[in-house]
Amino acid sequence: MEQHHFDIVNHATPRLESMDKALGRGKYTDDLELPNMACAALVRCPYSHAKVLSIDVSEAEKVPGFLGCALPEEAPQAYFNCSGNPPSPLLMADEKVLTTEPLTIGDRVAVVAAETEEAARAAAEAVKVEYENLAPILDVKAALADNAPAMQPHLSDTNVVQRREVSQGDIAVGEEKSDIILEDHFVTPPMQHTMIELTCCICDFSDGEHMTIYSCSQTVFQERRILAELFGLKEVDVHIIKPLVGAGFGARQQLHAQHAAALISRKIKRPVKLLYSREEDFYSVVRHASDVDLRIGADKDGKLQLFDTTFRLNAGPYTTHTPTVVAAAARKLQYNVPNYSFIGLSVFTNHVTGGAFRGYGNTQLTFGREILMDRLAQKLDMDPVEFRLMNHVQVGECFPCASIPVSSNGIEDCARRCQQIQKEIDEKEPLIDDENIRQAWGISFSCHGSGPSSKEGLSGAVVMLNADASVHLLVGSADIGQGSETMESQIAAECLGIPLSSVQITAADTGLTPYNTGTFGSSQTFICGNAVKLACDDLKKKMVEQLKVIYDGCTVKEKDHRYYISGGEELELSFEDAARKILFDPKGSVPIGAGTYKAAACPNPFSVCFVKAEYHKKLNAIRLMDIIEVADVGTPINRLTVVGQLEGGIAQGVGYALYERMEINPRSRRTLSTDFLHYRIPQMGDMPRTYVDMVSSHDPYGPHGAKSVGELATVPVAPAIVNAVRRASGIEINSLPLCDKFAILPTERGNVK
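## Quick word on the overall build of the chain
Then comes step 1: The number of helices and strands found in the chain is 16 helices and 26 strands.
Then comes step 2: A compact globule built from 753 residues would reach a C-alpha radius of gyration of about 27 Å, and the chain, at 27 Å, matches this within 12%.
Then comes step 3: If one aligns the C-alpha atoms of the chain with their principal axes, the spans along those axes are about 85 × 75 × 55 Å.
Then comes step 4: Taking contacts inside the chain between residues at least 6 apart in sequence as the whole, the part at least 24 apart equals 80%.
Then comes step 5: For the chain, the accessible area works out to roughly 28,200 Å², and carbon and sulfur atoms hold 50% of it.
Then comes step 6: For the chain, the distance from the average position of its 73 positive side-chain charges to the average position of its 97 negative side-chain charges is 1 Å.

And the structure:
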């Protein structure tokens with residue numbers, strides 16, 4: 001492989017905002033205050049399905065500090081889709097700002113405002129809503145029953161809001177050519193994003209004509225579009241600014257309460273802040289629960305011949321992202337399978353609404369796929385790594401039903417590096433197999449995309465040159481804690497040959513920065529990074545053209561960030577000298593670089609995960625010992641950030657596998673998962689020993705050869721854990737979380753248990 005030398009990218013670089021966060025100087029939405037700002041709170045339905053019979057605000061009006069209450073009849077009556085994706089036929093409109101027909105717990109019924117947060121919450125509690133409590137449908141099986149009432153009859157006569165069929169080859173031929181076919185039914189639970197920062201927005205719509213919003217958003221430009229449509233405004237009159245964000249994982253890839261805040265701000269003619277409680281965050285949006293039938297077939301030599309799945313996602317009662325999540329899952333099969341069939345169903349229920357979550361459908365389908373791949377390898381008496389590698393797509397080949405060939409692939413290097421680390425671990429601590437404990441390794445392969453798999457990613461970037469050779473970079477992408485602003489600044493510094501400290505970045509402000517589709521689909525390094533590189537190339541081109549004007553009749557060339565003038569004067573200018581000359585010469589100008597990147601490709605990053613687990617036979621208990629994950633992300637723009645993404649992805653995968661599940665009480669039909677006491681996520685002491693690495697790779701489409709990592713990191717972890725547990729226990733597993741079947745023992749970290 002060709003070696004590439006970089007001065008700024010492919011290094012471990014601390015994030016630009018790290019010190020502000022560490023020292024408490026960083027400003028999140030809830031830290032901000034506007035003059036004369038009031039506080040707002042939502043009146044939410046406590047039932048999973050109900051009908052509002054009456055609303056009485058008389059007691060709320062008595063709360064000291066009460067300012068006003070907006071009711072459903074005062075809100076825009078149009079249906080909308082809260083998804084932060086660009087407009088698509090898949091994103092059906094079926095939600096209202098405030099409703100009298102709640103379809104899930106937490107549906108918005110009214111919004112109140114008061115002088116303080118405490119008063120606003122007290123007033124919301126005091127609003128008396130009379131409900132008719134209706135029987136909810138909480139799972140996919142019940143929703144698909146012939147006698148199930150349709151949740152959204154204006155969209156569908158049934159609870160299947162969208163059916164997607166993708167296929168190639170012939171399943172009957174695949175069955176005939178397969179010497180072994182394995183099948184099973186796989187179930188994964190709804191999972192909460194558990195961002196540490198509570199969802200919050202500040203809205204000033206006091207004049208009813210111009211809307212300014214500060215919010216923890218992943219998709220500021222999509223939210224601007226939706227709000228403008230809802231309130232009959234031009235987009236230029238809606239200004240959305242993203243402060244620091246304490247994570248998103250997909251939960252902030254949609255409108256949350258900005259519309260309700262705008263409604264009450266307009267009514268009381270004051271800016272308002274609306275901050276969720278932890279319970280509100282928990283029932284706002286979840287990863288889709290999945291119900292999957294899957295068959296995989298292979299011939300006696302181990303070559304895959306058949307992949308056949310029916311993939312059902314629990315959407316909750318609103319479309320939001322569900323059809324696009326289903327569509328994305330259909331495009332993530334990284335093995336060569338000549339006969340492929342995918343049937344995807346987006347199913348309405350009264351469960352908590354499903355939305356975007358790290359992995360976006362890939363996580364759910366990869367779970368069952370990698371378990372069946374492991375079982376197939378055992379049935380064929382083949383090494384699970386070699387079995388996967390022999391069937392894996394290679395550079396120049398396409399995923400099933402895909403049209404763009406794979407442009408780079410380091411999957412074998414990932415697997416060999418995992419095996420190397422595994423060997424080192426086993427040499428220190430050989431596997432145990434005695435009357436009490438059996439230990440085993442499990443593996444999983446995964447892939448993802450660099451940007452939305454529909455190739456709808458679009459980003460602009462602007463670079464403005466200063467006289468001291470520093471630059472101001474403007475991008476529309478939203479850094480939600482993943483470090484994109486640092487990486488985009490690194491890309492610019494590398495392109496221009498200047499220190500990272502010479503790049504100032506402004507991002508995700510619809511009044512200042514160019515359009516960006518949004519922070520989703522693991523897109524920012526690839527999509528926005530390419531726009532940044534094009535903007536920097538444009539700036540250098542304009543600098544050359546302006547130097548030709550200044551040095552009339554001379555030839556000007558740029559090479560290695562230096563400018564060579566010949567054909568009259570013979571000069572060599574540094575980037576700084578060239579900047580000063582261009583800005584201060586009598587024939588000077590103000591060069592501004594602009595770049596736009598529309599995704600023409602969606603390069604696939606790859607990863608391999610190995611897990612060592614032990615099964616305690618007498619206790620029916622499991623313990624995770626070691627987790628290894630090695631990724632092919634092309635050129636890692638910031639090695640420190642990639643390590644953090646891998647480690648964080650592993651932690652989310654551990655929670656998904658072991659004990660995370662958004663639960664609703666089957667009797668009361670109310671959520672049991674209301675806070676971190678009633679919803680367990682892995683803490684530092686719960687994590688096994690973790691080893692992460694990245695292999696050398698370079699993608700021809702990526703900025704400086706980069707691909708994505710954000711979502712990829714979590715996808716292979718749960719199936720690798722299950723494969724380790726099934727090999728150690730001998731018990732076949734087809735559902736999560738594992739705490740339903742096993743006791744979960746504390747991990748061992750060094751000598752600490």
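## Details of the packing of aromatic side chains
The relation between two aromatic rings is expressed through the spacing of the ring centres and the mutual angle of the planes.
Then comes step 1: All told, the structure shown has 12 aromatic pairs when counted by the stated rule.
Then comes step 2: Aromatic pair Phe-205 and Phe-231: ring centres 5.5 Å apart, planes at 75°, arrangement edge-to-face. Of this pair, Phe-205 sits in the loop between strand E8 (200–204) and strand E9 (211–215) while Phe-231 is found in helix H5 (residues 220–231), placing the two residues 26 residues apart along the sequence. Both residues of the pair, Phe-205 and Phe-231, count as buried.

## Remarks on the side chain of Gln-152
Then comes step 1: The topology assignment puts Gln-152 in the loop between helix H3 (140–143) and strand E6 (160–168).
Then comes step 2: Exposure remark for Gln-152: the relative accessible area of 4% places this residue in the buried category.
Then comes step 3: A distance of 2.9 Å separates a polar atom in the side chain of Gln-152 from the backbone oxygen of Pro-317.
Then comes step 4: Contact partners of Gln-152, with chain neighbours within four places excluded, come to Asp-94, Leu-103, Pro-317, Tyr-318 and Phe-348.

## Re unusual backbone geometry
Then comes step 1: Note the cis peptide between Leu-736 and Pro-737, where omega equals 0°.
Then comes step 2: With respect to the secondary-structure elements, Pro-737 resides in the loop between helix H16 (717–729) and strand E26 (743–744).
Then comes step 3: Positive phi values are uncommon outside glycine, yet Ala-508 reaches one of about 55°.
Then comes step 4: Here Ala-508 lies in the loop between strand E18 (503–507) and helix H13 (524–550).
Then comes step 5: Take Ala-508: its relative accessible area is 0%, and that puts it in the buried class.
Then comes step 6: Of note, the phi angle at His-704 is positive, near 55°, even though the residue is not glycine.
Then comes step 7: With respect to the element layout, His-704 can be found in the loop between strand E25 (689–694) and H16.

## Thoughts on the pattern of salt bridges
Two side chains carrying opposite charge are able to pair once their charged atoms lie near each other.
Then comes step 1: By the definition in use, this model includes 45 salt bridges.
Then comes step 2: Between Arg-252 and Glu-197 there is a salt bridge, with the nearest N and O atoms lying 3.5 Å from each other. With Arg-252 in the loop between strand E10 (238–241) and helix H6 (258–268) and Glu-197 in the loop between strand E7 (180–188) and E8, the pair connects residues that are 55 residues apart, well separated along the chain. One exposure class covers both Arg-252 and Glu-197, and it is buried.
Then comes step 3: Here Asp-632 and Lys-707 are joined by a salt bridge, their closest N and O atoms 2.8 Å apart. Of the two residues, Asp-632 sits in strand E24 (residues 621–632) while Lys-707 sits in the loop between E25 and H16, which places them 75 residues apart along the sequence.
Then comes step 4: Overlapping salt bridges bring together Asp-184, Arg-369, Glu-370, Asp-374, Arg-375, Arg-388, Arg-726, Arg-727 and Glu-732 as one network.

## Re the sheet that holds strand E16 (residues 458–465)
Then comes step 1: Pairing within the open sheet is mixed, and its four strands lie in the order E18-E17-E16-E22. Unpaired on one side and paired on the other, E18 and strand E22 (592–598) mark the two borders of the sheet. Averaged over all adjacent pairs, the angle separating strand axes in this sheet is 15°, with direction ignored.
Then comes step 2: Two strands pair when backbone bridges link them, and strand E17 (residues 471–475) and E18 are joined in this way by five bridges, in the parallel orientation. Bridged to Leu-473 within E18 is Ile-505.
Then comes step 3: Along the sheet, helix H12 (residues 484–496) makes contact with E16, E17 and E18, crossing E18 at roughly 135°.

## Some points on the pairing of strand E13 (residues 304–316)
Put simply, side chains in a regular strand alternate between the two faces of the sheet.
Then comes step 1: Among the 13 residues in E13, 13 count as buried, and that is most of the element.
Then comes step 2: Here strand E12 (residues 290–298) runs beside E13; their pairing, made up of nine bridges, is antiparallel. By the bridge assignment for E13, Arg-295 is matched with Asp-308.
Then comes step 3: Where E12 folds back on E13, the antiparallel hairpin that results is connected by five residues, among which Gly-302 adopts a positive phi of roughly 95°.
Then comes step 4: Where E13 lies against strand E14 (residues 340–348), nine bridges are found, and the strand directions are parallel. Residue pairing across strands places Phe-311 opposite Gly-344, the latter belonging to E14.

## Some words on empty space enclosed by the protein
Picture a little ball the size of a water molecule; that probe, rolled over the atoms, points out where space is still empty.
Then comes step 1: The final tally for this structure, using the stated rule, is three cavities of 30 Å³ or more.
Then comes step 2: Quantified by volume, the largest cavity comes out at close to 280 Å³.
Then comes step 3: Looking at the largest cavity, it is lined by 24 residues, and the ones nearest its centre are Arg-108, Gln-254, Tyr-283, Ser-284 and Val-285.
Then comes step 4: Residue classes in the lining of the largest cavity are distributed as nine nonpolar, nine polar and six charged.

## Considering the nonpolar core
Then comes step 1: Counting 92 residues, the largest nonpolar core has Leu-304, Phe-342, Phe-445, Val-654, Ile-721 and Leu-738 as the members making the most contacts within it.
Then comes step 2: Ranked by residues supplied to this core, first place goes to H16 with eight residues.
Then comes step 3: The residues contacting Leu-304, other than those within four sequence positions of it, are Ile-296, Gly-297, Ala-298, Tyr-335, Asn-336, Val-337, Pro-338, Met-373, Leu-376, Phe-387 and Asn-391.
Then comes step 4: Ala-257, Val-475, Leu-496 and Tyr-551 belong to the second-largest nonpolar core, a separate cluster that totals 88 residues.

## What to know about the packing of H5 against H6
Then comes step 1: Taken N-terminus to C-terminus, the directions of H5 and H6 make an angle of 45°; their axes are 11 Å apart at the nearest point. By the angle between their directions, the pair H5 and H6 is classed as oblique. Crossing of H5 against H6: the hand is right-handed. In this structure, H5 contributes Glu-223, Leu-227, Leu-230 and Phe-231 to the contact, and H6 contributes Gln-258, His-259, Ala-262, Leu-263 and Arg-266.

## Focus on helix H15 (residues 639–658)
Then comes step 1: Across its 20 residues, H15 extends 29 Å between first and last C-alpha, which sits within 8% of the 28 Å expected from 1.5 Å per residue.
Then comes step 2: Among the residues of H15, the N-terminal cap falls to Asn-638, whose side-chain oxygen and the backbone nitrogen of Leu-640 are separated by 3.1 Å.

## A closer look at the side chain of Ser-729
Then comes step 1: Locating Ser-729 in the fold gives a position in helix H16.
Then comes step 2: The exposure class assigned to Ser-729 is buried, which follows from its relative accessible area of 12%.
Then comes step 3: Of note is the side chain of Ser-729, whose polar atom sits 2.7 Å from the backbone oxygen of Val-725.
Then comes step 4: A distance of 3.1 Å separates a polar atom in the side chain of Ser-729 from the backbone nitrogen of Ile-731.
Then comes step 5: Residue contacts for Ser-729: discarding those within four places in its chain leaves Arg-438, Tyr-615 and Phe-742.

## A look at the environment of Asp-693
Then comes step 1: Tracing the sequence through the fold places Asp-693 in strand E25.
Then comes step 2: Spatially, the C-alpha atom of Asp-693 lies 26 Å from that of Cys-495, the residues being 198 residues apart in sequence.
Then comes step 3: Not counting residues within four places of it along the chain, the set of residues in contact with Asp-693 comprises Arg-417, Glu-629, Val-630, Ala-631 and Leu-646.

Calculation criteria
Residues numbered from 1 in each chain as written. Predicted model: local features only at pLDDT ≥ 70, side-chain atom pairs only at ≥ 80, totals over all residues. Heavy atoms only, no water. Helix = DSSP H or I, 4+ residues; strand = E, 2+ residues; numbered from the N terminus. Rg over C-alpha atoms; globule rule 2.2 N^0.38 Å. Contact = heavy atoms within 4.5 Å. Areas by Shrake-Rupley, 256 points an atom, 1.4 Å probe, with all protein chains shown as cover. Lys, Arg positive; Asp, Glu negative; His and termini not counted. Charge placed at Lys NZ, Arg CZ, Asp CG, Glu CD. Phe/Tyr/Trp six-rings, centres within 6.5 Å; stacked < 30°, edge-to-face > 60°. Buried < 20%, exposed > 50% of the residue type's maximum accessible area, 1.4 Å probe, protein only. Polar contact = N/O pair within 3.5 Å; in protein donor to acceptor, adjacent residues only side chain to side chain. Salt bridge = Lys/Arg side-chain N within 4 Å of Asp/Glu carboxyl O. Pairing = 2+ DSSP bridges. Axes fitted to C-alpha atoms, helices over the stretch in contact; angles between N-to-C directions. 1 Å grid on protein atoms, 1.4 Å probe; cavity = no way out; pocket = protein on both sides within 12 Å on 5 of 7 lines; lining within 4 Å. Points joined across faces, edges and corners; volume = space filled by probe spheres on them. Nonpolar A, V, L, I, M, F, W, Y, C, P; charged D, E, K, R; others polar. Core = buried A, V, L, I, M, F, W, Y, C linked by side-chain atoms within 4.5 Å. Parallel < 35°, antiparallel > 145°, perpendicular 65-115°, else oblique. Left-handed = near helix turned anticlockwise from the far one by under 90°. Expected span 1.5 Å × (residues − 1).

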